[in-house]
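# Inside the fold
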Amino acid sequence: MRPRSRSPAHVIAQTKDSLRRLLSGRLPQGVVPTLQRKTATEGRLLQLELGKGWALASAGLAFYLALRAVEPRPKLFTNVMETLPTVLLKPGEADRIVAGHPWIYHGSVLRLTHPATDGELVQVKDHRQRFLGTGFYNSKSKIHVRMLSPERVEVTEAFFQQRIGEALAIRKRHLPNATSFRVVNAEGDFLSGLIVDKYEDVLVLQTSSLGMDQRKPLILAALQAIFSPRAIVERNELSSRKFEGLPDANGLLSGKLDGPVQINLNGLQFEVDVLGGHKTGLYLDQQVNYRLVAGLAKGAQVLDCFSFVGGFGLHVVHAGADHVHMLDQSAEAVATATRNATLNGLTERCSFETVNVFDWLKLNTAANPHEKVVPRWDLIVLDPPSFTRNRASVPDALRGYKEIHLRALKLLKVGGTLATFCCSHHVDAGLFQDTLLSAAYDARRILRRIAIYSQGPDHPVIPMIPETEYLKGFAYEIIR
Ligand code: SAH
């Protein structure tokens with residue numbers, strides 16, 4: 001027999017709930033009611049028991065230090081949680097949630113234990129009553145619950161401060177020199193329905209779910225505490241808000257704003273109209289790709305199609321391109337691109353045209369029978385808007401993608417480079433590449449792929465949530 005002095009100290013877990021947490025490897029301090037037999041010292045092995053005194057098999061041994069360490073966020077736990085309305089899932093519907101996907105569709109819900117108000121925090125359990133997490137409820141939306149956490153959380157200003165702080169830390173790690181970026185990207189940061197963009201000292205907020213929209217005051221307070229911004233603007237004219245029963249809203253929420261914000265992106269200045277520009281003002285998801293594509297541009301004649309306010313165009317001339325010609329159908333975007341060129345002292349090597357890219361490419365690749373198009377460009381950038389709204393529009397979108405690629409390939413010199421992007425979630429990288437290979441075949445061009453692009457790290461991809469991945473791109477050299 002082992003000498004008694006070597007046997008572990010005992011912790012008595014008195015409730016079923018503490019037993020459950022214990023079995024899942026977590027035992028916060030509050031549910032460790034008694035240390036029996038002897039006083040445990042840190043690092044010492046403990047034997048864990050349920051109230052009646054039976055030992056918990058092999059799961060019942062733990063180190064005292066580890067037990068203490070699983071209580072990092074005491075403020076966010078709350079006892080009233082047990083009284084939250086409970087959404088019970090149908091058998092088989094829990095796996096996706098356990099794996100990290102935050103959406104619970106109407107059809108996955110078995111029943112509610114008692115009625116919940118739209119926008120309210122609910123707890124979610126599987127059909128066997130196993131706790132899966134907490135989220136916002138909305139009966140008006142096809143997405144009945146948007147999960148917020150696999151834990152019992154209390155949604156307070158402190159909650160938002162912590163979660164936004166965690167998202168910010170990811171940006172600081174992966175975009176250490178950026179001063180403008182997306183701080184929170186909804187599902188990508190496990191905050192479904194919330195987007196926050198930072199344009200230097202101005203923040204832009206989008207709330208696309210009822211639960212998040214109702215908590216705007218808490219979110220604003222958290223943002224004030226973290227960033228002390230000059231202004232916070234709301235850009236809530238999103239079609240997705242209609243599905244949540246929310247009206248459009250647009251305007252200043254706090255602070256002062258006099259005209260556009262001037263921001264720094266990779267050492268270049270851009271004017272951003274946070275109250276009226278596309279998305280929340282700029283395509284921040286391309287920040288890293290601007291740099292990467294610019295690296296291909298030295299001495300090049302560049303054509304930037306769908307140039308918007310000059311993101312790619314200005315980066316390529318800044319990096320040493322001979323000249324860039326930018327095409328966009330929006331006169332407003334072209335005017336801003338022109339101002340941005342001036343702001344950076346790059347106007348001499350830039351030209352602009354307000355035109356439909358499809359028309360321009362058609363005109364410039366038109367040739368009489370038996371004549372060949374004379375290729376003029378060393379680098380062509382294609383960064384169109386999404387041509388799809390849903391799965392049904394994919395075939396039309398592919399025809400559009402094929403057409404612009406076919407014509408762009410005809411205009412590229414041998415040895416030249418095509419940098420091309422697709423921001424449609426419904427067209428994945430494989431389908432996108434197939435489409436442009438089909439265009440290459442028709443143009444009788446052979447391509448060498450030299451780069452693969454994705455959305456920037458401030459738009460995190462969570463593979464378990466396929467909806468978080470949308471931007472993909474490639475660079476190809478024309479072999480012949
Ligand atoms: N490359 C840009 C983003 C492009 S967004 C950047 O990195 O900032 C898509 C742009 O395409 C918008 O500015 C829109 O005005 C423009 N656009 C959409 N359809 C067009 C068309 N058929 N012809 C020309 N421009 C178009």
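Since the model is a prediction, treat every value here as computed from it, not as a measurement.

## Focus: the sheet that holds strand β5 (residues 86-89)
One open sheet accounts for six strands, arranged β6-β10-β9-β8-β5-β7; its pairing is mixed. The sheet is open, and its two borders are formed by β6 (103-105) and β7 (109-112), each paired with just one other strand. The average angle at which neighbouring strand axes cross in this sheet is 35 degrees, direction not considered. Sheet topology places strand β9 (residues 131-137) next to strand β10 (residues 143-149); four bridges connect them, and they run antiparallel. Within the sheet, the bridge partner assigned to Thr 134 lies in β10 and is Ser 149.

## Considering the site of the ligand
Close to the ligand lie 15 residues, the nearest being Tyr 290, Asp 328, Gln 329, Val 357 and Asp 383. Between Asp 328 and the ligand, the recorded distance is 2.7 Å, taken from a side-chain N or O atom to an oxygen atom. In the model, a nitrogen atom of the ligand is placed 2.8 Å from a nitrogen or oxygen of the Val 357 main chain. Expressed as a share of its isolated accessible area of 580 Å², the protein-covered part of the ligand is 93%. Looking at the shell around the ligand residue by residue, the classes come out as nine nonpolar, four polar and two charged.

## Focus on the confidence of the model for the chain
Within the chain, residue pLDDT values average 86, and 82% of them lie at 70 or more. Overall, residues 1-39 carries pLDDT values under 50, and its contacts beyond four positions in sequence, including any with other chains, amount to 77 contacts. Segment residues 42-46: pLDDT under 50, and 29 contacts once partners within four positions in sequence are set aside and those in other chains are kept.

## Some remarks on the sheet that holds strand β21 (residues 377-382)
Strand order in this open sheet of seven strands is β20-β19-β18-β21-β22-β24-β23, and the pairing throughout is mixed. Among the strands making up the open sheet, the edge pair consists of β20 (350-354) and β23 (447-454). Between one strand axis and the next, the sheet turns by 15 degrees as a mean value, whatever way the strands run. Those strands touched by helix α8 (residues 287-294) are β21, β22 (412-422) and β23, and its axis lies near 155 degrees from that of β23. Against the sheet, helix α9 (residues 311-318) makes contact with β18 (301-305), β19 (323-328), β20, β21 and β22, and its axis sits at roughly 180 degrees relative to β19, the strand it touches most.

## Topic: the pairing of strand β14 (residues 231-236)
The buried count for β14 comes to six of six residues, which makes it a mostly enclosed element. Across the two faces of β14 the burial is the same, with Ala 231, Val 233 and Arg 235 and Ile 232, Glu 234 and Asn 236 all buried. The pairing of β14 with strand β15 (residues 249-255) spans six bridges and is classified as antiparallel. Bridged to Ala 231 within β15 is Gly 255.

## Examining the environment of His 101
Mapped onto the elements, His 101 comes out in the loop between α3 (94-98) and β6. On the accessibility criterion, His 101 (3% relative accessible area) is buried. Between the C-alpha atom of His 101 and that of Ile 462, which follows or precedes it by 361 residues, the distance is 9.0 Å. Every residue in contact with His 101, bar those within four places of it in the chain, is listed here: Arg 96, Met 464, Ile 465, Pro 466 and Glu 467. Only 3.2 Å separates the side chain of His 101 from the backbone nitrogen of Trp 103, close enough to count as a polar contact.

## Overview of the environment of Val 183
Here Val 183 is to be found in strand β11 (residues 180-185). Val 183 gets classed as buried once you look at its relative accessible area, which sits at 0%. Setting aside residues up to four positions removed in sequence, Val 183 forms contacts with Ile 164, Ala 167, Leu 168, Arg 171, Asp 189, Val 196, Asp 197, Lys 198 and Phe 227.

## What about the pattern of salt bridges?
Per the counting criterion, the structure on display carries 18 salt bridges. The salt bridge partner of Glu 244 is Arg 146, with a shortest N-O separation of 2.9 Å. Of this pair, Glu 244 sits in the loop between α7 (239-242) and β15 while Arg 146 sits in strand β10, placing them 98 residues apart in sequence. The pair Glu 244 / Arg 146 is uniform in exposure class, with both members buried. The salt bridge involving Lys 413 is made with Asp 378; its shortest N-O contact spans 3.1 Å. Here Lys 413 is found in strand β22, whereas its partner Asp 378 is found in strand β21, with 35 residues between them in sequence. We classify Lys 413 as partly exposed; its relative accessible area is 32%. Take Asp 378: its relative accessible area is 23%, and that puts it in the partly exposed class. If you follow the salt bridges from partner to partner, you end up with Asp 213, Lys 216, Glu 234 and Arg 241 in one network.

Conventions and cut-offs
Residues numbered from 1 in each chain as written. Predicted model: local features only at pLDDT ≥ 70, side-chain atom pairs only at ≥ 80, totals over all residues. Heavy atoms only, no water. Pairing = 2+ DSSP bridges. Helix = DSSP H or I, 4+ residues; strand = E, 2+ residues; numbered from the N terminus. Axes fitted to C-alpha atoms, helices over the stretch in contact; angles between N-to-C directions. Near = heavy atom within 4 Å. Polar contact = N/O pair within 3.5 Å; in protein donor to acceptor, adjacent residues only side chain to side chain. Areas by Shrake-Rupley, 256 points an atom, 1.4 Å probe, with all protein chains shown as cover. Nonpolar A, V, L, I, M, F, W, Y, C, P; charged D, E, K, R; others polar. pLDDT = per-residue confidence, 0-100. Contact = heavy atoms within 4.5 Å. Buried < 20%, exposed > 50% of the residue type's maximum accessible area, 1.4 Å probe, protein only. Salt bridge = Lys/Arg side-chain N within 4 Å of Asp/Glu carboxyl O.

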